[in-house]
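Geometric and topological summary
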Amino acid sequence: MVGFQLRFGPWWREIAGVMKKPFARLSFRATMAYVAAAVSLVAFAVGCVLFANLSLHNLRLQELGAAADKAEAAARYLGEGLPRSLLDVARDYSEWDPIYEMCSEGEPDGGFLEEEVAWMVREVAVNGRPVARLALYGASGEMMYAAGAKGPDLTAEAKAAFENDTPVKGLLFHAGKVYLVAAHPVHTTGSGGPARGALALAQVLEPSMVAEAENILGCKLSFCGMGSLGAVPQGVEWQQLNGARAALTRSGAVLASKELSDARGSGSEQLVVEKRTSLPLLTASTLRAGVFAGGAVGLVVLAASLLLTGVVLRPVGLVSRKLKEMEEKGAMEPIGRVGGPSELADLAGAFDRAVAAAEEARKREGEALERLANTDPLTGLANRRRFVAEVRAAIADVESGGRPATLVLFDLNGLKVVNDNLGHAAGDARLVAFAEILASVADRSRGDVAARLGGDEYALLARCGTREAEALVDAVLSLTRAKPLPGQELLGEAPAFEAAVAAAPADGRTPEALLEAADEKVNARKGGGAAGQVRRALASLRSDAYGDAYASVRLLLMAADAYDRYTLGHSERVASLAEAVARALGWGEERAARLRLAGLLHDVGRALVAPEVLSKTEELTEEELREVRSHAERGASLLAACPGLADVARWVRLHHERLDGTGYPDGLVGSEVPEESRVLAVADAYDAMTSPRLHRAALPPREAVEALLRDGGYDRAVVEALASVVGVPPGNGRNS
């Protein structure tokens, strides 16, 4: 290389000596690199000045664009965000079944709406404020009910929600005020069924709500002619940006104006957004000075950054490689310890903690899904899926020399009776109560598993022999007797359940075989079901006319009670009550006992009535009513065929006759009705009134007695004797 020598005139000699030293040992190429760097710095400074002049205009445009975006965001917040809470309330009430029924029938229940719905206008706070107006529109599009102060007509919103079967929300401008409005079609719970109308709500957009929106959006809001800004300012240069107009004012504010569309799609108001900015205060000279200073600082920072590149890039590269490996594997893993800046280490640590939290959440979710897949949702016991798996594992354990395993199958009695008479909530309570008893006798320490297989069928896997398993059945029976299950009173003396045991592997080597064996034993104990009892009882009456007539009819009665579960235990109660009333009237022992027999058999003819008619909960048709009333004649015909029961057959036939001639089947009057039939009629009616039914609760004894006294069809002397038997002094009744 040839050295590069600097030569200057005489008066520059001293300065040249100072400048020459740094370059004296540099090659020509290195010297030119320094010169190029210096020229580049000058060009950079000049470019910064030019860029500053251009950037001033761009910054203004950015500020205007940001203000326009604020206006768009504010319009969306006021038109969509705020009405959403109002729409949620409208949806909650419009999917209420009572409101759906009123809209379907077109007959509003004003009292119900005032007590259950209109209170929302007075009490419920939406967006922190009360609802101003509520209106319910029926399927015809006419307003059925309105509450709250006068406000905008919500018919258009309600009609749109009903006809399109979709919610409507937005703003509405009325009488110098801005309203939030929401309308939701009326459906059943869970949005089922076709729309039957719409529920519409309106709420005044109060200044405090606008102030909250200003805090959220970080700008000042007003409406044309309604806010503190008054009308849209004039004399400024407006520019159309991002769907809104924006302008800079001399006072250092950025304004944006956005046309608001109401819920009906018409724009009638301007929303003005005001945002303070320091941009207009910047001048070209101050901006240039700042750019020069920033350029100098930037060069220093650039040099320092080049020195620190190795410190920063190496750990960043490590993190990047780790993330790429995770992407290839398709699974997240902890990054681990990394060097470099503390921020990068903190980021890696936060990522590792997020991975650990996600793994823990996945584990908890898996456990929850496993519990859901293996647990009966009503009782909390194991479901059939888990129970079968547990039985299969227990069988394998027994065959390999482990502890004995016995399957106990429980068939809960009376579930349909409780559901029909007390409602499904009571039936669920019966199921849960039995599940709690079953869980209490299961010994989890030895591996017992209690399960609900479905409906009214339960099972217990007991890791013990059959003798101990049968002892568990006795324990369950004792617990159900000590604390009767809900609705047990409807079953009379019938047991709460039937049970049978099946041992592994003697009764089966698979879960299915054990369940089938236990089920066959349960069915055998039940005697093949109610229909089988009826058939056998009728066959007994036909084939053995001279046998034990009472035993045959008693069996028929039991079958009838099973066939018609609605009247289970009714015959025994009527028989006991009729006998007690007969004794209170002074009848002899034999006559009272004969009447008790008639009480036991008075409803035997119900076994010949169609079961779907007996179990029907809706109002009976004329034909169905005749079918039900025929039970008295049919029962009498059955009894008349049995030797020695002719008198009982006559009393049973006439036990629905009334003294005033309103009874059936013959419409007898006064003394034409036998005394025995009169006593049966009173006992039958009293037990029916004091027993709970699906459509009403049981009447107290006093009210039942007073109702019998007021009815002219019952013998007053018999009713008064009944009152003395049940311990109720008779009131002032009426009898014809």
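Please refer to the structure placed before this passage.
Quantities reported herein were computed from a predicted structural model and do not represent experimental measurements.

Secondary structure summary: the chain contains 25 helices and 16 strands in total. Burial status across the chain gives 41% buried among its 736 residues. Surface exposure of the chain reaches about 38700 Å², of which carbon and sulfur atoms provide 55%.

Here we come to the sheet that holds strand E14 (residues 449-454). Strands sit in the order E14-E15-E13-E16 across an open sheet of four strands; the sheet is antiparallel. Two strands lie at the open edges of the sheet, namely E14 and strand E16 (497-504), each paired on one side alone. Ignoring strand direction, the axes of neighbouring strands in this sheet form an average angle of 20°. As defined by bridge partners, strand E13 (residues 405-412) adjoins E16 across eight bridges and the pair is classed as antiparallel. The residue of E16 that forms the bridge with Leu412 is Phe497. Here helix H10 (residues 384-399) sits on the sheet and contacts E13, E14, strand E15 (457-462) and E16; the angle it forms with E15, its principal contact strand, is near 30°. Helix H13 (residues 466-482) contacts E13, E15 and E16 of the sheet and is inclined by roughly 165° relative to E16.

A separate point is empty space enclosed by the protein. Tallied over the full model, the rule gives three cavities of 30 Å³ or more. Considering only enclosed or pocket space, the largest cavity measures out at about 40 Å³ in volume. Around the largest cavity, the lining residues are Glu657, Arg658, Leu659, Val673, Arg678, Ala681, Val682, Gly713, Tyr714 and Asp715.

Here the focus is helix H18 (residues 589-601). The first and last C-alpha atoms of H18 sit 19 Å apart over 13 residues, in line with the 18 Å expected at 1.5 Å per residue. Listing the buried residues of H18 in full gives Ala592, Leu595, Leu597, Ala598, Gly599, Leu600 and Leu601.

All right, on to the pairing of E13 then. With eight of eight residues buried, E13 is to be regarded as a mostly interior element. On E13, burial covers both faces: Ala405, Leu407, Leu409 and Asp411 on one face and Thr406, Val408, Phe410 and Leu412 on the other are all buried. Of the pairings in the sheet, the one linking E13 to E15 comprises six bridges and is antiparallel in character. Of the residues in E15, the one forming a bridge with Thr406 is Ala462.

Before going further, it helps to spend a moment on the pattern of salt bridges. Across all of its chains, the model carries 23 salt bridges by this definition. Put simply, Arg384 and Glu457 hold a salt bridge, and the shortest N to O gap is 3.5 Å. Taken as a pair, Arg384 in helix H10 and Glu457 in strand E15 lie far apart in primary sequence, 73 residues in all. Take Arg384: its relative accessible area is 37%, and that puts it in the partly exposed class.

Below, the discussion takes up the environment of Gly455. Mapped onto the elements of the fold, Gly455 is located in the loop between E14 and E15. Setting aside anything within four residues of it in sequence, one finds Gly455 in contact with Leu415 and Leu431.

The rules behind each value
- Residues numbered from 1 in each chain as written.
- Predicted model: local features only at pLDDT ≥ 70, side-chain atom pairs only at ≥ 80, totals over all residues.
- Heavy atoms only, no water.
- Helix = DSSP H or I, 4+ residues; strand = E, 2+ residues; numbered from the N terminus.
- Buried < 20%, exposed > 50% of the residue type's maximum accessible area, 1.4 Å probe, protein only.
- Areas by Shrake-Rupley, 256 points an atom, 1.4 Å probe, with all protein chains shown as cover.
- Pairing = 2+ DSSP bridges.
- Axes fitted to C-alpha atoms, helices over the stretch in contact; angles between N-to-C directions.
- Contact = heavy atoms within 4.5 Å.
- 1 Å grid on protein atoms, 1.4 Å probe; cavity = no way out; pocket = protein on both sides within 12 Å on 5 of 7 lines; lining within 4 Å.
- Points joined across faces, edges and corners; volume = space filled by probe spheres on them.
- Expected span 1.5 Å × (residues − 1).
- Salt bridge = Lys/Arg side-chain N within 4 Å of Asp/Glu carboxyl O.

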